[in-house]
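# An overview of the molecular structure
Next come the chains, spelled out residue by residue.
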Amino acid sequence: MIKENQNTTNTAKIANLAKELVNLTVTEVNELTIILKKDYGLESNHDNQNITVPINQEQKKENIRYNMILKSSGTSKLAVVKLIKEITGRGLKDSKELVDSVPTTIKESLNKEEAELLKKKFEEIGAEIELIN
């Protein structure tokens, strides 16, 4: 009887763990991967695995990629040129040409967090930014 209770407890424990793992966000999965590699020496071998993981709605939202469109440089054109230069790694001349040819795409394929952060930086200096997915 004791062994049967242990098996039931272990099965429930594993089921709860599986439920938690399936509901992890992409960020949490990345953190878990780092911990498993660093603390336990576990490495994944993607070449020999063909795993399909169902993606919940939160993960789908995180996987959406955004393009950042400069709609207007506002009153501080020089500040916008400098920020474009900083975030894209382009030269000063190329950055100025982007500002002069609005509307124009500044960066492509950004995750939501990065896109929102950069949009905020541009808006703080008076630029108008549109994020398109």
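Computed from a predicted structure; not experimentally measured.

To continue, consider the sheet that holds strand E3 (residues 128–132). On the basis of which strands lie adjacent, the open sheet formed by 3 strands has the order E2-E1-E3 and antiparallel pairing. Two strands lie at the open edges of the sheet, namely strand E2 (104–110) and E3, each paired on one side alone. Each adjacent strand pair in this sheet contributes to an overall mean axis angle of 25°, direction not counted. With 5 bridges joining them, strand E1 (residues 66–72) and E3 adopt antiparallel strand pairing.

Before going further, it helps to examine the packing of helix H4 (residues 77–88) against helix H6 (residues 112–124). It is the contact of H4 with H6, at a shortest axis distance of 10 Å, that shows an interaxial angle of 155°. Regarding the angle of H4 to H6, the classification is roughly antiparallel. In this structure, the crossing between H4 and H6 has a hand that is right-handed. Taking contact as the criterion, the partners of Val-80, Leu-83, Ile-84, Glu-86 and Ile-87 in H4 are, on H6, Leu-118, Lys-121 and Phe-122. Across the contact of H4 with H6, the residue classes break down as 6 nonpolar, no polar and 2 charged.

Analysis parameters
Residues numbered from 1 in each chain as written. Predicted model: local features only at pLDDT ≥ 70, side-chain atom pairs only at ≥ 80, totals over all residues. Heavy atoms only, no water. Pairing = 2+ DSSP bridges. Helix = DSSP H or I, 4+ residues; strand = E, 2+ residues; numbered from the N terminus. Axes fitted to C-alpha atoms, helices over the stretch in contact; angles between N-to-C directions. Parallel < 35°, antiparallel > 145°, perpendicular 65-115°, else oblique. Left-handed = near helix turned anticlockwise from the far one by under 90°. Contact = heavy atoms within 4.5 Å. Nonpolar A, V, L, I, M, F, W, Y, C, P; charged D, E, K, R; others polar.

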